[in-house]
Amino acid sequence: MSGPVLTSTDIDQTKFGNDEYQIMKSQFPEETDETIVRFLIARNNDVTKASAMLTEHIEWRKSNWPVLKNTCMNEINKGKVYVHGTDNEGHPLMIYRVRFNNSSDRDVEEMGRMIMFFVATAVNAMPADKSKFTILIDRTDFKKE
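All values reported here derive from a predicted model rather than from experimental measurement. (Residues numbered from 1 in each chain as written. Predicted model: local features only at pLDDT ≥ 70, side-chain atom pairs only at ≥ 80, totals over all residues. Heavy atoms only, no water.)

With that settled, consider helix α5 (residues 108-124). Taking 1.5 Å as the rise per residue, α5 with 17 residues should run 24 Å; its terminal C-alpha atoms sit 24 Å apart, in good agreement. On its buried side, α5 packs onto α4 (73-76), β1 (81-86) and β2 (92-97). One side-chain oxygen at the N-terminal end of α5 lies 3.0 Å from the backbone nitrogen of E109; it belongs to D107. (Helix = DSSP H or I, 4+ residues; strand = E, 2+ residues; numbered from the N terminus. Expected span 1.5 Å × (residues − 1). Contact = heavy atoms within 4.5 Å. Polar contact = N/O pair within 3.5 Å; in protein donor to acceptor, adjacent residues only side chain to side chain.)

On to the layout of surface pockets, then. Its boundaries defined by the atoms lining it, the largest pocket holds a volume of some 670 Å³. Those elements giving two or more residues to the lining of the largest pocket turn out to be α2 (33-42), α3 (47-64) and α5. Per element, the largest residue contribution to the lining of the largest pocket is 7 residues, and it comes from α5. (1 Å grid on protein atoms, 1.4 Å probe; cavity = no way out; pocket = protein on both sides within 12 Å on 5 of 7 lines; lining within 4 Å. Points joined across faces, edges and corners; volume = space filled by probe spheres on them.)

The relative placement of two aromatic rings is captured by the distance of their centres and the angle of their planes. If you walk through the whole model with that rule in mind, you get 2 aromatic pairs. Ring geometry for F117 versus F118: centroids 5.3 Å apart, planes at 80°, classification edge-to-face. Relative accessible area serves as the criterion here: at 17%, F117 is assigned to the buried category. Looking at F118, the relative accessible area reads 9%, which means it is buried. (Phe/Tyr/Trp six-rings, centres within 6.5 Å; stacked < 30°, edge-to-face > 60°. Buried < 20%, exposed > 50% of the residue type's maximum accessible area, 1.4 Å probe, protein only.)

For β2, the buried fraction is high: 5 of the 6 residues fall into the buried class. Both β1 and β2 contribute to a ladder of 4 bridges, which runs antiparallel. Directly across from Y82, in β2, lies its bridge partner I95. Where β1 folds back on β2, the antiparallel hairpin that results is connected by 5 residues, among which G90 adopts a positive phi of roughly 90°. Where β2 and strand β3 (residues 134-138) come together, 5 bridges link them in parallel fashion. Bridge pairing in β3 places M94 opposite I135. Following the chain from β2 across α5 to the adjacent parallel β3, one finds a crossover that is right-handed. (Pairing = 2+ DSSP bridges. Right-handed = clockwise from strand over helix to strand, strands pointing away.)

Written as structure tokens, this is what we have:
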């Protein structure tokens, strides 16, 4: 059997094994090669842990995805997070402005949806040869409450 077909050039192919990939691919044939590889890398090539993590992710995705923009507009309108341009390596850049995160004026669940909405936005802006995006935490004018 052949190994994974990866279009992303920023995935370190020394971080996972072909045998482990084949086991995961047989368990999750509907998932992309890049998704399987990412989960293997995240769990240091441990198939049992990567399988459990991917199973949890699939279940989470079924109940939470897609995040619709209109479900988090109050948080979006505060200007806390936005995706703008790329970093020096060409990865999409998500900017999180901490000063607009007022704990007395937020809905935590809506804020979570907003973060996931912008993660999806960053992923959708990703060039085909990239698999990562950068989060810049802007602490300008931030004051601890």
